[in-house]
Amino acid sequence: MSDVNFEEMLEDYSLTIHNGEIVEGTVIDVKDDEIILNIGYKADGILTKNEYSNNADVDLTSVVKKDDKMTVKVLKVNDGEGQVLLTYKRLQQDRMNKVFEEAFEKNEVLTGKVVAVLKGGLSVAYGEGRVFVPASLVSDIYERDLSKYQDQEIEFVLTEVNPHKRRIIGDRKQLIVEKKKKMQEELMARIEVGMMIEGTVKNLTDFGAFIDLGGADGLLHISEMSWGRVEDPKKLFKVGDKVNVKIKDISDTKIALTLKLDENNPWKNAAEKYHTGDVITGKVARMTDFGAFVELEEGIDALLHVSQIAIEHVEKPSDVLEVGQEISAKIVDFNEESKKISLSIKALQMDEKKSDDYDDDVDNNTEDTNDVEENVGEE
C-alpha cells in the first residue's frame, strides 16, 4: 500500500461522522427553505427550515448570514443523495431539557408565549423549547374555549420533565390558586362587617350576584339588592359593573353583602308620611290566599288582608284584584317597630257608606223641613 493511499484512508477516517453527533459548521449559503453548511466532511450539511425552528414563520435569510458559525446535530449522514441532514432545533431542545430539569428541581416560575391552542391544552414556547400545559391546568376554573390564550404570555411551573418521552408539562393553575389564596388572606385581614367596599360583578344567578372584591367573592343576595322587591338581578346589574357594597356578614371565608343602607332605608321617615286613619294609594305587588301586598313606595309594602278587601265576602284576593292594579285604601294599623302596615278597603267603603247615609239623612231632613214650612205657609 502506497503512502498516498494510507494518508487518504487516514483522512477519510478522521472525517467520519455519525448520526447524533454534534458538529460545528460554517454557513455557505442561505435560502428561503434551507441553510447549507460546510461541516468539514466530504459532503455539505443541509439544515432545513423545519429543522431550524418550530416557528413556521421564521425567515432564514434574516436570522442567518453567510460565513456564520453554527453548532448543529447530525440527523442522517446520507439522505440518499449524498447529503448530510442536520438539525438545529433538536440540539437546542436538548439544551433546553437541561434548563427545564433545573427549573423543575427549583420549582421556578417560567414565562412563555402560547404558540398553539391544541385540543387538550396549550403549546407554550420557552426559549427554543416547548412546554405543554393541559387544559385542566390552564386555570382554576373550567374553560371550554382556550383560544383567548393564543399569542398570550403566561406564567407556569413545571410538573413533569421527561425528555425521553418528550413530555415537558406545565401548570398554570397552581400559580393562580396560590395567588388567589394570598390575595384572599390580605383581603380578609383588612375588611370588617359594616365596611363599604368596591367590587366588580363577576356572575349573576337567579338568587343573587357574586361580587369580586379583589381576593375573594362576596354574595349580594337578591333580598339585599334593594329595600324594594327585586324580581331578577339581571335587570339591575350586568357582569363587569362596578358596585359599592356594604359588608353585612363574614363567616370564615364567606362574605355576605348588602345594598340596603341606613341612608336609603324608606322606613327611616315612614312615621312622618304614614299614619293610622290616612287614605293612601298604592299598587298591588303580589297576592297570597290570605291577602294582597300593596306597594306604597319602593321598600314599603302594606298588607291588605282578604277580609278587608270589601264589605262583601271575598273568597280570595285574585277574585277581585290584579297585580299592578292601583287601589285606594285606609291605613288601619301602623307599626313602625315591626315595619308593618295594615290596610283596609272595607273600612274606606264603610266610611263612604256612612257618609252617603248621612247625606241621605240630611236630604230627608231638609225635605221634611220644607214640607213643614209649606204647610205653615198655607195655614
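Before going into details, it helps to say that this report is about the structure given with it. (Residues numbered from 1 in each chain as written. Predicted model: local features only at pLDDT ≥ 70, side-chain atom pairs only at ≥ 80, totals over all residues. Heavy atoms only, no water.)

## Some remarks on the nonpolar core
So, point 1. Tyr274, Leu296, Leu304, Ile341 and Leu343 are the most contacted members of the largest nonpolar core, which totals 23 residues.
So, point 2. Contributing elements (two or more residues each) for this core: β16 (279-287), β17 (291-297), β18 (300-305), β19 (326-335) and β20 (340-344).
So, point 3. Look past the residues within four positions of Leu304 in its chain and what remains in contact with it is Gly291, Ala292, Val294, Ile309, Leu321, Ile327, Leu343, Ser344 and Ile345. (Core = buried A, V, L, I, M, F, W, Y, C linked by side-chain atoms within 4.5 Å. Buried < 20%, exposed > 50% of the residue type's maximum accessible area, 1.4 Å probe, protein only. Helix = DSSP H or I, 4+ residues; strand = E, 2+ residues; numbered from the N terminus. Contact = heavy atoms within 4.5 Å.)

## Some words on helix α5 (residues 173-190)
So, point 1. The end-to-end C-alpha distance of α5 is 26 Å, a good match for the 26 Å that 18 residues give at a rise of 1.5 Å each.
So, point 2. Of the positions making up α5, those classed as buried are Leu175, Ile176 and Leu187. In a view along the axis of α5, the buried residues occupy a sector of 100°, so they form one face of it. The exposed residues of α5 that point more than 90 degrees off its buried face are Lys181, Lys182 and Ala189.
So, point 3. Buried residues in α5 make contact with β9 (153-162), β10 (167-171), β11 (196-204) and β15 (254-258). (Expected span 1.5 Å × (residues − 1). Arc of directions from axis to C-beta.)

## Observations concerning the side chain of Glu51
So, point 1. Checked against the element boundaries, Glu51 lands in helix α2 (residues 49-52).
So, point 2. Among residues more than four places away in sequence, those in contact with Glu51 are Leu75, Leu86, Thr87, Tyr88, Lys89 and Arg90.

## Some thoughts on the packing of aromatic side chains
So, point 1. Taken as a whole and assessed by the stated rule, the structure comprises five aromatic pairs.
So, point 2. Relative to Phe210, the ring of Phe207 has its centre 6.1 Å away and its plane inclined at 90°; by these criteria the two rings are edge-to-face.
So, point 3. Judged by relative accessible area, Phe207 falls into the partly exposed class, the value being 40%.
So, point 4. Pairing Phe290 with Phe293 gives two aromatic rings, centres 6.2 Å apart and planes at 85°, and the pair type is edge-to-face.
So, point 5. A residue is classified by how much of its surface remains accessible, and Phe290, at 42% relative accessible area, is partly exposed.
So, point 6. Residue placement shows Arg286 over the ring face of Phe293; its charged tip is 4.4 Å from the ring centre. (Phe/Tyr/Trp six-rings, centres within 6.5 Å; stacked < 30°, edge-to-face > 60°. Lys NZ or Arg CZ within 6 Å of the ring centre and 35° of its normal.)

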